[in-house]
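Inside the fold
As a plain string of letters, each chain reads:
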Amino acid sequence: MAAKGIQVGALALALLAAGTASAQERKPGKRGDVNVFLKGGLGDYTGNLGDLTSTGPAWGLTLNVQPTTFLGFELGYEGSQNGIDDLRLLDDGPSIVRQGGSALVKLSPPFMTAVRPFVGAGFGLSYVDVRGIGGGLYDSDTMEELPLAAGLEFNSGALTAGVRATWRVLLDNGFANDALDEDTDGGLLDASVTLGARF
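A few points on the structure. (Residues numbered from 1 in each chain as written. Predicted model: local features only at pLDDT ≥ 70, side-chain atom pairs only at ≥ 80, totals over all residues. Heavy atoms only, no water.)

1. Details of the sheet that holds strand β5 (residues 115–131)
Backbone-to-backbone hydrogen bonds join strands into a sheet, with any given pair of strands oriented parallel or antiparallel. The strand order around the closed barrel built from eight strands is β1-β2-β3-β4-β5-β6-β7-β8, with neighbouring strands paired in antiparallel fashion. In this sheet, adjacent strand axes meet at a mean angle of 25° when their direction is disregarded. Relative to strand β6 (residues 141–156), β5 is paired through 12 bridges, and the arrangement is antiparallel. Bridge pairing links Phe118 to Gly151 in β6. (Pairing = 2+ DSSP bridges. Helix = DSSP H or I, 4+ residues; strand = E, 2+ residues; numbered from the N terminus. Axes fitted to C-alpha atoms, helices over the stretch in contact; angles between N-to-C directions.)

Next up, the structure:
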């Protein structure tokens, strides 16, 4: 019983020390607590969805809140456009314009701030607008996504920049269900650069 009490006491002290260190790590109003940045790059679908699409532009606007050096939260708007290359469509294939939002939790090494590598995971919801004649094979739809991101951020004074790659696991990709005889698989992969301001 005494050993268990010592373990609980030690755990409580460790949590208290971690909380104090986290509070001292960032003073209120210190530059870098909030970042706003634009991102742009290229993206494409993968798996059997990738066999029917072409690489296209990807873009976004993101708000990042960094309460500590090792933990961050992002909320952002994202979009992309990809052409459809399907021989069954007589005319030029339609394009897929995706617009939506996502929330991301990011983890970084606590001792790196000027150059910060990170990984992140979250949830997203997008509307896929099929523009052009889909021939009954492609239809506009809403899809849920699980974004998994990794990248590198460069922070200096009021500026932030970076590079990142994001793999989105598509929980729903019904916009192409009628185009494939087998189960639709694949995700959405993009690589982008970011540029913004720190507050």
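Anyway, onward from the coordinates.
2. Quick word on the pattern of salt bridges
Under the defined criterion, the tally for this structure stands at 12 salt bridges. The shortest N-O distance in the salt bridge between Glu78 and Arg168 comes to 2.9 Å. Taken together, the residues span a long stretch of sequence, with Glu78 in strand β3 (residues 71–83) and Arg168 in strand β7 (residues 159–170) at a distance of 90 residues. One exposure class covers both Glu78 and Arg168, and it is buried. Connected through shared salt-bridge partners, Lys39, Glu78, Arg98, Glu145, Arg168 and Asp190 make up one network. (Salt bridge = Lys/Arg side-chain N within 4 Å of Asp/Glu carboxyl O. Buried < 20%, exposed > 50% of the residue type's maximum accessible area, 1.4 Å probe, protein only.)

3. Observations concerning a nonpolar patch on the surface
On the surface, Val36, Leu38, Leu61, Leu63, Val65, Phe73, Tyr77, Val105 and Phe199 cluster together to form a nonpolar patch covering roughly 760 Å² of accessible area. Of note, Tyr77 is situated in strand β3. The exposure class assigned to Tyr77 is partly exposed, which follows from its relative accessible area of 32%. (Patch = residues over 30% accessible without salt bridge, like charges linked within 9 Å, V, L, I, M, F, W, Y side chains within 5 Å. Areas by Shrake-Rupley, 256 points an atom, 1.4 Å probe, with all protein chains shown as cover.)

Don't take any of this as a statement about function, it's just geometry.
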